[in-house]
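In case you want the letters, here they are:
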Amino acid sequence: MSDWTPEAGTPPVSTPDEPVTEEPAAGAPSFEPAGPTPLGVVRTPTGHAAVDVRLERLADADHLPADGHIEVYEDVHRGLRSELTSLDTRPAAVPGPVPTPSQHTHHDNRS
């Protein structure tokens, strides 16, 4: 690497082993894509653990570039559809024992 400084007066010459790279000037616009930035979307718990786990998976998209979001969104969508489908296939709640009239009424046999 060269020890060139502006005070030396002669700019560096690049060689195949040592390419010259220029640093962008301070305040110059960058044309490189910005890195992933969390959106800060608040995910409110639903109270249904399986759904909440799926929704928390959305936070994974915060650390991916935009082209990686679709995989996370599709995974969450599949999981939520699966949860909804399982609600339709669960057996109906079985009611408790039905009281018989003799347990709750008192008959007065006056004639």
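Within each chain, residues carry numbers counting from 1 in the order of the written sequence. Where local features are concerned, this predicted model is filtered to residues with pLDDT of at least 70; where side-chain atom pairs are given and counted, the filter is 80 or more; whole-chain, interface and lining totals use all residues. As a convention, hydrogens and water are excluded, and side-chain values are obtained from all of the structure's heavy atoms.

K.L.:
Give me the lowdown on helix α2 (residues 66–89), citing residues and values where you can.
P.N.:
Since one α-helical turn is 3.6 residues long, residues separated by three or four positions face the same way. When the terminal C-alpha atoms of α2 are compared, their 36 Å separation across 24 residues agrees well with the 34 Å that a helix rising 1.5 Å per residue should span. Note on classification: 1.4 Å probe, protein chains only; a residue is buried when its accessible area is under 20% of the maximum for its type, exposed when over 50%, partly exposed between these limits. We count a stretch as a helix when DSSP gives it H or I for four or more residues in a row; a strand needs E for two or more, and each element gets its number in order from the N terminus. For α2, every residue scored as buried is listed here: Gly-68, His-69, Val-72, Val-76, Gly-79 and Glu-83. Two residues qualify as a contact provided that any one of their heavy atoms is within 4.5 Å of a heavy atom in the partner residue. Packing partners of the buried residues in α2 comprise α1 (49–56). Multiply 1.5 Å by the residue count of a helix minus one, and that product is the helix's expected span.

K.L.:
Any chance you could break down the pattern of salt bridges for me, citing the residues and the numbers?
P.N.:
For side chains bearing opposite charge, pairing can occur when the charged atoms are close. In what follows, salt bridge is the name for a side-chain nitrogen of Lys or Arg lying within 4 Å of a carboxyl oxygen of Asp or Glu. Going through the model one piece at a time under the given rule, you end up with 3 salt bridges. For Arg-57, the salt bridge is made with Asp-60, and the minimal N-O distance between the two is 2.7 Å. Owing to a relative accessible area of 25%, Arg-57 belongs among the partly exposed residues under this scheme. Asp-75 is the salt-bridge partner of Arg-57, the closest N and O atoms lying 2.6 Å from each other. Linking Arg-57 in the loop between α1 and α2 with Asp-75 in helix α2, this pair joins segments that are 18 residues apart in sequence. One salt-bridge network, held together by shared partners, links Arg-57, Asp-60, Asp-75 and Arg-78.

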